[in-house]
Structures are given as C-alpha cells and as structure tokens.
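Structural overview
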Amino acid sequence: MRQYARFKKAHPDCVLFFRMGDFYEMFDEDAVTAHRALGITLTERTKGVPMAGVPYHAVEGYLRRMIEQGHRVAVCEQVEDASQAKGVVERAVTRVVTPGTLVDETLLDEGRANQIAAIVLEGPPEALGGGVALVELSTGAFTLHRIAAGTLLDELERLQPNELLYADDGHGPPPALEAFQAAGTGALTPVPPWMFRPRDAVECLRAHFGVATLEGFGLSGDDALAVPAGALLLHLRQMQSADDDAAARLRHVRPPRVVADSAFLAIDATSLRSLEIERTMRSGGTDGSLLATLQRCRTPMGKRLVRQWLCFPLRDRSAIERRQRAVAALVDDAALLEMLQSRLAGVQDVARIAARVAMDRATPRDIVAMGRSVAEVGGLATLFDGRPAFEGTHRRLVALAETLAPLAAHIGRLCVDSPPPHLREGGLFRDGIDAELDEARGLQRDGGAWLTSYQQSLVERTGIPSLKVGYNRVFGYYIEVTNAHAAKVPADFVRRQTLRGAERYITADLKAYEDKAASAEARALQRERDLFAALCVETGAAGPAAAEFAELVAALDVLACFADTAVRNGYCRPEIVEEPTLDIAEGRHPVLDRTLGRSFVPNDCRLRSPARSEDDSAACAASLALITGPNMAGKSTFIRQVALVALLAHTGSFVPASRAVVGLADRIFTRIGASDELHAGQSTFMVEMTETANILHHATERSIVILDEIGRGTSTLDGLSLAWAVAETLAARRCRTLFATHYHELTGLAERLPEVANLHVAVREWGDEIVFLHRILPGRTDRSYGIHVARLAGMPAPTVARAEQLLATLEVQTEPARLPRPDDQRGPSPGEQLGLFVEYLEHPVVKALRDTRLEALAPLEAFDLLRSLVEQARQGGEQR
C-alpha cells in the first residue's frame, strides 16, 4: 500500500489502475470513482479502505468507459516476475491514458481523429485569437494553426481536439475555454505555466527533432506558434513512463506543419451545425448528416480524412481542380474505380499501427496487418501507371515500394496468416524461420518421439534389449538397466537411482534434453518475444515510409469515395470560376436525394449569374434572393442544398446537380433554426441576433450567406424592421445570399434594389387544401398557409377554425413600396397610408378619456365632457 500511495501521489489527477496479479485494483476515492463510472463491485481491502477491481484481460474496455466519462487513468503494471520477486513486486506507471492520448485500437474510433492540443490566447476577451498546436498521438500528425481574432470557438469546433492544454495561472480556465468545454467538444487540462515559456518550448522542439533552428518548419525565431507546439511536446514527454526514453517513444511524431488558414474556406461552428456536416441538429447523431451520406471509404485513414476535407474545403482553384481531375478519371473508368476500391479494402489502419509500433504498444495482429497493408503498395503503383491524373501519386508509390515491399515480404515470411491477439501463449512465428525456436517447439511437440529414438540408439549401442528410457517427477529422466545386464553398462552412464533388480542412470545427452524440456515452453515464449521485438524494430525503421503510404492511401480512398458517390447518385463535375457567381441547374440536397431518391424535386439557383446564351431569360444579376412560401414547402431545404452544393464543389467533389458553376468563396455563413443557450444566459432571439451580427461583420463580396427566418423571435414590427435592414446591408455588400422569410413585405425590395430578386415555393390550391409542389420559381407569394400546416400537425379542429376566423379579421394589406429607403429621412406626407414601419400615435379622444377622473365629475360636467369627446371623434373621422 505504501507503493500504491507513492504512485498515487505522483499522479493525483488520475484514477490509478494498480496491477495485482490478474486484476487491476483501485483504492480509496479511486475505488469509489471506478464503482460509479463502471458499475463494478465496491468492497474493502482492509476495514475502512474501499477497493474495486477489474480483470487484466478486459482492462481496455474499462479504460475506454473511463475516458468516455472524462476521467484520466494512470496504468501501473508489474514490471517484475512475481515468482522471482524477493519482496514486494516491482511496479511502474507504464502509461497515462487521457482523452487526447489514446493509441490502442480498442480505445479509438477508427473514423475520427483523436487529438491533443495546446493553446496560447491573444487579444481581448471579446475578440480572442491565438495559436493552437495539435498532435494526433495515434498517427504522429503534428499541425500548427493561427486563430484569427474573434474566431477562437469556431476554429476549435472545426479542429475538434479531444483534449486541450492551457497554462494554469491558479484562477481557472478563461471563459472562452470554459465555453469550449461546455460545448462537449473536448476536455480541458491545466498544465504548469513554465511549459509555455518561449525559451523552454523552443528548446524542446529543437532537441526533439535534432535541429538548430525551427525555420525549416516554417517558424521564425520569435514565432508565437512555437510556444504551444513546445508546450504540447513537453507535456507528451512527461506523459511517458519514467523508465523509458520519452523521446524514443515519441519518435513517430512528425515535425510540426504550419497550416495556412488562407488555403481553406472558412466555416464557423454555427454553419457546421446548421448544414449538418457531421451530425444532425435534431438528434445529434451522425445518421442523416452529410458525412454519413458520403461515407463510402474503405480504409480507416480515408474515413478520417473525408471528415477533414468536408470541414476544411479548399479555396485554391488549382488545388480543387486537381482533385476534380482525379475524381473524373475514376468516374470515367469504372474498372479503375473497382480495382482501386478492391486494393484499398486490403489496407488496414497503417498510420495508427505505425504509431503503436513506435510507442511499443503493437500487438502481433498489428504487425501482420502492417505487412498485409503495405504489400498493396506495388499493386497500387501499377494501377496508376500511365494515368496523368495520378502522375504524382504513382511516382511516390513507386518510391515507397522500395522500402515497404521488402518489409511486407519479410513479415509474410516470418508470421503466420492468423496471428494471436497477444504473445502470452506465443504462436506468431512460422516453423522453420528460427532454429532456436524450432528446437524449443520440437521439445514441446516431439518429446516422446525424441525419447523413443534415443532409447533405440542406446539399445543398439549397448546391446541391452531391455534398456528403457523413462521419467518420474522425483528423479526426472532416467535410463533403466536390469541387473542381468549390469556388465554392459557404458562408462558414461551415471547412476541416479538403485532399485530392486535394476539400476537407473543418466547421461550427458539425456541431462541436456531434460534441461531443455523443462524450460522448452518458457524458452519458446521468450524466443518469440525476442523475435517480435526485433521485428518491431525493423517495422519501426520503415515508420516514415509507412506514414507517407497512409497519407496517400487516405487521399486515394476519399477520391474513390467521391467518385463512387458521383456514379451512384448522378452527380456532375462543377465548374470552378474566379468570379463570385452561383449557377446551379437541377440542384439536389445530397442527403435527401439519397434517402428520397426520384421523389426529391430538384431546383435551380442563379445568383450573379450571367446569361448562358442570347435567349437565356433566367440570367440573374441579383446577389440576394428573397424566398417566400408556405411552411413545410421546402424553403429551408432549398437554401441548405445550395450551401452544400457550394461546399462540396470546394472540396473537389462532384455535386448533386445536372450543371453547376460555382465561384470561389471565402466563407459560408448560415443562420438557420432556433435555439437558446441557457448556460450562456442567452435567449433564442439573442442567439439569432449574435449569429446575424457575426455575418454582417465578416461577410465579404466572396461570401455565401444562408438566412432563414431572421427576426421571428421578437415582435412583428421589430422583426420586420431588422430583417429589412439586414437584407439591405447584404444586398449592398453583394455577397451571394439566400434569404427565406415569411415577412412578405420584404419582397418589395426587389422593386427598389437591383441586387435583390424574389423567389417563391410553388403550391397548388384545391378547395380548402393545398398541395406542396416543392418547386422554386421566380416571383413572390403573399401567403404562408400556416393554419393549413397547423391542421396537418393535428391541431384540434375547433382551434383551427377559430384561427381561420381570427385571420380573416386581422389580415392587413401593407404597401411595401411606401416604406422608406435607407437614405430617406422624410416622414409620410399628409393623408399618406401608414406602413408597418410608421409609429402609431394615440388618438386625442383616447388620451382625454384616460386622463378623466370620473369620481370628481358632477353629472352635468360628465354630460358636457361626453358631448365634447363625441364632437372631437366626428371631426377626426371627417378629416380622414
């Protein structure tokens, strides 16, 4: 228990899994925590000391459940054979498992990156930016990101670190990082501030990568990004076992790469959620998301990369078109696509296996999987020989084959086809590849045959036909000769035991066999461990080549995924242009298109789109389209699908349309849906206004903006005023905007501003019913059919009837053309009909009645007042 207390003191923030024989035990508060988190039995080791435990062979599953619930776990192993220990068995903490440092296959989701990050904040609280360093310990990827002012939470949402380190100044995390943790993206981990000292951080980077300067990594001497990068590496080195060379166990971590934000289209956290890129808004699950719809990747590396490509679309036209050419080559050659997918299906998670090899966490199955996977390098290289779209990929694969093909052959020659999950009982290596191993196995399997053969040779040598070789537990192996043949016993026979009528002997050969047989199993296991360690060293030497192969395979897998999706669903290759235009013919929502099939109604969208021909009447110079129409008719689906088509075009994918011309964008903004943020003290309307303000502050002429029902969270007049002003602002900025609204008064903007066009969702009325046609057509509508939707939702008939009665009473015709222009400061002229934006003044008669004190009036005074008020009311009516 003193030993346990020592390790617990060294890791106070972790639950300590303490190996004792066949179990990992937890004590004191750790036992209570494990009992609550895992549902395991809570007992006592001694009175008053809580204890709980899990079996060692099932520990990975328990570790995963602890991590999923936000706990950190230090695993303390027995590092000494208990049978050889002279006192307390020697133990050591061999790994610390945290949300961002998982490497074992059983703890990881193959389709999601598992990253740990360190952050340095810059700027005032209302406009925080800074630098973020990320390491994916399970693959060795190391990237650095500059965070622009005011985009901190948006970028953290895109990067999605599972664990975020920050300098602990004793006052807790900054509010912005608390918001990150509250969003459920990842865990916060405080670390000592000295780790973020620039000098220590830079020196750690130089020492680890063996360089004199960081300029080769794109970092200048005083670059602020070096601080989180060095702090992160320092933390990872401290996480390794004290008995191991930390630098050696992190040798697979590649040099840091600065990621240029200008290379990618910006998508804020709101837009990621609203467009349901990774998960749906309603359930929070992946089913029904864009990622799930496109996920046709064959390899784990591809499944992770497709998520990255969707969240980080490209902004460089040449890079987009390079991907398009590769996708087009696969779409046009069905045989090539099929052969590529077949090859990719044989590649397992090479990136993570290489990392486990480097960290001494590899299993026999990992090594065999590595051999089988890299064996595909030659076939993939041959597949792309002479194909211009894959010229660079072919060249790199040919170069990698020189290193990886021999490794694959070597592993295949040494290891069995069906390897065991671990080496506790051996069985990884083939017979005939190592003499010492063959001998040990031979003693295990063929001991009886050897003894029979040896006995026969002795009979022939001595001429004693009754001689026999036997074994008992007391004396071990022996040669038994009856007294009748005592004179024939050779001189090299050593007497071991005397029996009535016989003697038992031992020879040097038999003694040697006895020693070997007694330790044959242990020797075989130890020899397999030695061979496995040597094979891991050889595999580890090819780690950089394996990592590059994994990157190539991941990219090929995503390109094949895009091509497969395009072929199956009839996608087209979009034309990417520099001009900020949007011209989509028969566009479809990629998710609904797959689920609804032919019943989905495609629609066109043209913004800042020049005429395709002389008789093109659908050309649209407007940058903002106002979309009106009934509830449930498809307005929100339409605006989302346009944004998704634009996003997919920027990833290099084909898009769900018959034709598409997409101008390069710098950002995609959305304001869709209603939600509050009670933890931040923000109402639904406040969230809506905050998101809209962000759009107005940052949208440029190259941005794509999607707005749905702006202003509905407040009074009608306030909401209409805000929606009108927002539409005017975006129209003046000429960013490509789709604005769905039920404020039909806004449609008058199209008559006042050339940047605005009206669209509506077509319906067909049939008696008291309406049919949604889901077609987006030019023009406007003046009805929302909300009561009809209420009837469809099952609202009680009397309530619906009363609503119809009230609607007939409350309907007011407004004249949008009379609403003031932005630069018009004049009020309405005398007799002009008041619009909704005009302030309504109290009638004098109403004011007089409100000011009257009836209890102070005599009957005659009351009569005179009434006559005066009637006269005022008549005069007001005549003036109107």
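The rules behind each value
Residues numbered from 1 in each chain as written. Predicted model: local features only at pLDDT ≥ 70, side-chain atom pairs only at ≥ 80, totals over all residues. Heavy atoms only, no water. Helix = DSSP H or I, 4+ residues; strand = E, 2+ residues; numbered from the N terminus. Rg over C-alpha atoms; globule rule 2.2 N^0.38 Å. Buried < 20%, exposed > 50% of the residue type's maximum accessible area, 1.4 Å probe, protein only. Contact = heavy atoms within 4.5 Å. Areas by Shrake-Rupley, 256 points an atom, 1.4 Å probe, with all protein chains shown as cover. Lys, Arg positive; Asp, Glu negative; His and termini not counted. Charge placed at Lys NZ, Arg CZ, Asp CG, Glu CD. Pairing = 2+ DSSP bridges. Axes fitted to C-alpha atoms, helices over the stretch in contact; angles between N-to-C directions. Salt bridge = Lys/Arg side-chain N within 4 Å of Asp/Glu carboxyl O. Phe/Tyr/Trp six-rings, centres within 6.5 Å; stacked < 30°, edge-to-face > 60°. Lys NZ or Arg CZ within 6 Å of the ring centre and 35° of its normal. 1 Å grid on protein atoms, 1.4 Å probe; cavity = no way out; pocket = protein on both sides within 12 Å on 5 of 7 lines; lining within 4 Å. Points joined across faces, edges and corners; volume = space filled by probe spheres on them. pLDDT = per-residue confidence, 0-100. Core = buried A, V, L, I, M, F, W, Y, C linked by side-chain atoms within 4.5 Å.

**Considerations on the overall build of the protein**
Across its full length, the protein holds 31 helices and 27 strands. Relative to the 2.2 N^0.38 estimate, which gives 29 Å for 880 residues, the radius of gyration of the protein is 38 Å and therefore markedly larger than a compact globule would have. Looking at the protein residue by residue over its 880 residues, the buried ones come to 49%. Taking contacts inside the protein between residues at least 6 apart in sequence as the whole, the part at least 24 apart equals 66%. Counting every atom, the protein has about 42,700 Å² of accessible surface; 52% of that belongs to carbon and sulfur. Averaging the positions of the 99 positive and the 116 negative side-chain charges in the protein gives two centres separated by 4 Å.

**A closer look at the sheet that holds strand β15 (residues 476-482)**
The four strands lie next to each other as β14-β15-β17-β16, forming an open sheet whose pairing is antiparallel. Bordering the open sheet on either side are β14 (468-472) and β16 (494-499), each of which pairs with just one other strand. Here the average twist between neighbouring strands, direction ignored, is 35°. Seen against the sheet, helix α19 (residues 447-462) touches β14 and β15 and runs at an angle of roughly 140° to β14. Contacts from helix α20 (residues 508-518) reach β14, β15, β16 and β17 (502-506) within the one sheet, and its direction differs from that of β15 by about 150°.

**Things to note about the pattern of salt bridges**
Going through the model one piece at a time under the given rule, you end up with 46 salt bridges. A salt bridge links Arg197 to Asp200; the shortest N-O distance between them is 2.8 Å. For Asp200, a relative accessible area of 25% translates into the label partly exposed. What you see here is one network of salt bridges that share partners, running through Glu60, Arg95, Asp104 and Arg361.

**Side note on the sheet that holds strand β10 (residues 163-167)**
Pairing between sheet strands relies on hydrogen bonds along the backbone, with the strands arranged either parallel or antiparallel. In spatial order, the strands read β11-β10-β7-β8-β9-β12; together these six strands make up an open sheet with mixed pairing. A strand with exactly one partner marks an edge of an open sheet, and here the two such strands are β11 (187-191) and β12 (257-259). Shown here is a sheet whose adjacent strand axes are inclined to one another by a mean of 25°, direction ignored. When strand β7 (residues 116-122) meets β10, the two strands line up parallel, connected through three bridges. Along β10, the bridge assignment pairs Ala118 with Leu165. The sheet contacts of helix α7 (residues 226-239) involve β7, β8 (129-136), β9 (141-147), β10 and β11, and relative to β7 the element is tilted by about 145°.

**Examining the packing of aromatic side chains**
Counting across every chain of the model gives 13 aromatic pairs. Consider the rings of Phe209 and Phe217, whose centres lie 5.6 Å apart with planes at 75°: the pair is edge-to-face. The class for Phe209 is buried, based on a relative accessible area of 17%. On the accessibility criterion, Phe217 (17% relative accessible area) is buried. Considering the side-chain rings of Trp450 and Tyr513, the 4.2 Å spacing of their centres and the 5° angle between planes classify their relative orientation as stacked. With a gap of 63 residues between them, Trp450 in helix α19 and Tyr513 in helix α20 connect regions that are remote in the sequence. When its relative accessible area of 32% is taken as the criterion, Trp450 is described as partly exposed. An aromatic cluster is present here, built from Trp450, Tyr454, Tyr471, Tyr477 and Tyr513 joined pairwise through their rings. Across from the ring centre of Tyr478, 4.0 Å away, lies the NZ or CZ of Arg504, which sits over that ring.

**Side note on the environment of Ile639**
By secondary structure assignment, the location of Ile639 is in helix α24 (residues 635-651). With 170 residues separating them in the primary sequence, Ile639 and Val469 have C-alpha atoms 89 Å apart. Dropping the residues within four chain positions of it, Ile639 is found in contact with Ile627, Ile672, Ile706, Leu707, Asp708, Leu738 and Ala740.

**Section: empty space enclosed by the protein**
Following the criterion strictly, the structure yields two cavities of 30 Å³ or more and no others. Reported here for the largest cavity is a volume of approximately 170 Å³. Arg95, Val96, Thr101, Val103 and Met359 are the residues nearest the centre of the largest cavity, which is lined by 16 residues in total. Listing elements by their share of the lining of the largest cavity, those giving two or more residues are β6 (91-97) and α7. Ranked by residues supplied to the lining of the largest cavity, first place goes to β6 with four residues.

**Re the pairing of strand β24 (residues 704-708)**
Of all five residues that make up β24, five are buried, and the element is covered over most of its length. Neither face of β24 is exposed, since Ile704, Ile706 and Asp708 on one face and Val705 and Leu707 on the opposite face are all buried. Pairing geometry for strand β23 (residues 667-671) and β24, over four bridges, is parallel. Residue Ile668 lies in a different strand from β24, and its bridge partner there is Ile704.

**Focus: the confidence of the model for the protein**
Mean pLDDT over the protein: 88, with 92% of residues reaching 70 or higher. Taken as a whole, residues 676-681 scores under 50 in pLDDT and shows seven contacts with residues more than four places along the chain or in a different chain. Contacts of residues 825-840 to residues separated by more than four positions or lying in other chains number 16 contacts, the stretch itself having pLDDT below 50.

**Some points on the nonpolar core**
Ile277, Leu330, Phe429, Phe549, Phe638 and Leu738 are the most contacted members of the largest nonpolar core, which has 137 residues in total. Ranked by residues supplied to this core, first place goes to helix α22 (residues 543-569) with 15 residues. Beyond its immediate sequence surroundings of up to four residues, Ile277 is in contact with Leu272, Ser289, Leu290, Leu291, Leu310, Cys311, Leu644 and Leu647. Grouped together as the second largest cluster of nonpolar side chains are 31 residues, Ala133, Leu144, Cys204 and Leu233 included.

**Some remarks on the side chain of Ser271**
As for its placement among the helices and strands, Ser271 is situated in helix α9 (residues 269-274). In this view, Ser271 contacts Ile668, Phe669 and Thr670; residues no more than four positions away in its chain are not counted.

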